[in-house]
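Architecture at a glance
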Amino acid sequence: MDFLMSGLAACGACVFTNPLEVVKTRMQLQGELQAPGTYQRHYRNVFHAFITIGKVDGLAALQKGLAPALLYQFLMNGIRLGTYGLAEAGGYLHTAEGTHSPARSAAAGAMAGIMGAYLGSPIYMVKTHLQAQAASEIAVGHQYKHQIFPPESWKLALVAAMVSGIAVVLAMAPFDVACTRLYNQPTDAQGKGLMYRGILDALLQTARTEGIFGMYKGIGASYFRLGPHTILSLFFWDQLRSLYYTYTK
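Residues numbered from 1 in each chain as written. Predicted model: local features only at pLDDT ≥ 70, side-chain atom pairs only at ≥ 80, totals over all residues. Heavy atoms only, no water.

This part covers the overall build of the chain. Along the chain, the regular secondary structure elements total seven helices and zero strands. Taken across its 249 residues, the chain has 33% of its residues classed as buried. Accessible surface, the chain: about 15,700 Å² in total, of which carbon and sulfur atoms supply 66%. (Helix = DSSP H or I, 4+ residues; strand = E, 2+ residues; numbered from the N terminus. Buried < 20%, exposed > 50% of the residue type's maximum accessible area, 1.4 Å probe, protein only. Areas by Shrake-Rupley, 256 points an atom, 1.4 Å probe, with all protein chains shown as cover.)

The structure is reproduced here in structure tokens:
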């Protein structure tokens, strides 16, 4: 559970921070092994980089490498926090007397970090290659021409739908929990709820009493319910659009 929850939490954050990863990657590759002032600066600062990438490569380019980034975050953080959680649950972080050992905690954290970094390194490399890809006028660093799927492949639509399914479930799970509890709460003679005043009250009470994880109860079942629906809906939508444009040209 520690592995799953920490991995999903990292994936949720990654959806929002990946554009910054794209900007960071390109700014770090800009002027590689060139003396200052001898190369053209396509990206003057982080804000200019956002605007330049969005204008030249398109807004979708700010999410380049999202698929490997999600996999990297799930593996790295899942392994790091999950392994540390297992060590803590197994009592390895305490001495024979039962006191907490800072040395053992540091060792466990270091080992978990090494395992996560080692297993995630190949995926991080692929992510970097994809995030560095740019139009020739703003390209920096070596340009790898990786293409996992052809542009019109049904596999591309399927993968995109799977990723969006994760994002939808992470965003909607707290509201789904609140909705379920609102519908299921006991009522008085006038039909007024006895436990929650509304959706915000349900969210606040759940978070305050059960913690943040309480708002994500049943997330696995939610994904297996909503995930396939989202995946198939987007997949069929993309394929129907493709067929429509093919036969109406």
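Okay, the environment of Tyr124 next. Mapped onto the elements of the fold, Tyr124 is located in helix H4 (residues 102–132). With 53 residues separating them in the primary sequence, Tyr124 and Leu71 have C-alpha atoms 9.2 Å apart. Apart from residues no more than four positions distant in its own chain, Tyr124 is found in contact with Glu21, Lys24 and Tyr72. (Contact = heavy atoms within 4.5 Å.)

Nonpolar side chains in soluble globular proteins generally cluster together in the buried interior. Core analysis: the biggest nonpolar cluster contains 10 residues, these being Val22, Val23, Tyr43, Ala49, Ile53, Ala61, Leu62, Ala134, Ile138 and Val140. Listing elements by their share of this core, those giving two or more residues are helix H1 (2–29) and helix H2 (46–56). (Core = buried A, V, L, I, M, F, W, Y, C linked by side-chain atoms within 4.5 Å.)

It is worth spelling out H4 at this point. If you look at H4, its biggest bend is around 50°, right at Ser121, and the proline Pro122 turns up within four residues after that. For H4, the set of buried residues is Ser105, Ala108, Ala112, Gly116, Gly120, Ile123, Lys127, His129, Leu130, Gln131 and Ala132. (Bend = angle between axes of the 7 residues up to and from the residue.)

Our next topic: the pattern of salt bridges. Taken as a whole and assessed by the stated rule, the structure comprises six salt bridges. Glu210 is the salt-bridge partner of Arg181, the closest N and O atoms lying 2.5 Å from each other. Taken together, the residues span a long stretch of sequence, with Arg181 in helix H5 (residues 154–184) and Glu210 in helix H6 (residues 199–210) at a distance of 29 residues. Salt bridges here are not isolated pairs; linked through shared partners, they connect Glu21, Lys24 and Lys127. (Salt bridge = Lys/Arg side-chain N within 4 Å of Asp/Glu carboxyl O.)

What follows is about the confidence of the model for the chain. For the chain, the mean per-residue pLDDT works out to 83, and 88% of the residues sit at or above 70. Mean pLDDT across the elements of the chain bottoms out in helix H7 (residues 219–247) (75) and peaks in H2 (93). (pLDDT = per-residue confidence, 0-100.)

According to the stated counting rule, one finds one aromatic pair in the structure shown. For Lys127, the ring lying beneath its charged end belongs to Tyr124, and the centroid distance is 4.2 Å. (Phe/Tyr/Trp six-rings, centres within 6.5 Å; stacked < 30°, edge-to-face > 60°. Lys NZ or Arg CZ within 6 Å of the ring centre and 35° of its normal.)

It is worth spelling out the side chain of Thr25 at this point. Along the chain, Thr25 turns up in helix H1. Residue Thr25 is classed as buried on the basis of its relative accessible area, which comes to 4%. Within the structure, Thr25 has its side chain in polar contact with the backbone oxygen of Glu21 (distance 2.8 Å). Polar contacts involving the side chain of Thr25 include one to the side chain of Gln131, which spans 3.2 Å. Not counting chain neighbours up to four residues away, the residues in contact with Thr25 comprise Thr128, Gln131 and Ala132. (Polar contact = N/O pair within 3.5 Å; in protein donor to acceptor, adjacent residues only side chain to side chain.)

A few words on the environment of Gly141. Mapped onto the elements, Gly141 comes out in the loop between H4 and H5. Counting along the chain gives 12 residues from Gly141 to His129, while the straight-line C-alpha distance between them is 9.6 Å. Discounting residues that sit within four places of it in the chain, Gly141 has contacts with Leu29 and Glu32.

Before going further, it helps to examine helix H3 (residues 66–89). The end-to-end C-alpha distance of H3 is 33 Å, a good match for the 34 Å that 24 residues give at a rise of 1.5 Å each. Residues Leu66, Pro68, Ala69, Leu70, Tyr72, Met76, Asn77, Gly78, Ile79, Gly82, Gly85 and Ala87 constitute the buried set of H3. Of the residues one or two after H3, Gly91 is the one with positive phi, at around 80°. (Expected span 1.5 Å × (residues − 1).)

This part is about the packing of H3 against H4. A packed helix pair is summarised by two numbers, namely the angle formed by the two axes and the spacing between the axes. Packing of H3 against H4 leaves a shortest axis separation of 8 Å and a crossing angle of 170°. If you check the angle between H3 and H4, you find them roughly antiparallel. Looking at the contact of H3 with H4 residue by residue, the class counts come to 18 nonpolar, six polar and two charged. (Axes fitted to C-alpha atoms, helices over the stretch in contact; angles between N-to-C directions. Parallel < 35°, antiparallel > 145°, perpendicular 65-115°, else oblique. Nonpolar A, V, L, I, M, F, W, Y, C, P; charged D, E, K, R; others polar.)

What follows concerns a nonpolar patch on the surface. Together, Val168, Met172, Phe175, Ile199 and Leu200 give the surface a local cluster of nonpolar side chains, amounting to about 450 Å² of exposed area. Listing elements by their share of the nonpolar patch, those giving two or more residues are H5 and H6. The element best represented in the nonpolar patch is H5, accounting for three residues. Mapped onto the elements of the fold, Ile199 is located in helix H6. Ile199 gets classed as partly exposed once you look at its relative accessible area, which sits at 39%. (Patch = residues over 30% accessible without salt bridge, like charges linked within 9 Å, V, L, I, M, F, W, Y side chains within 5 Å.)

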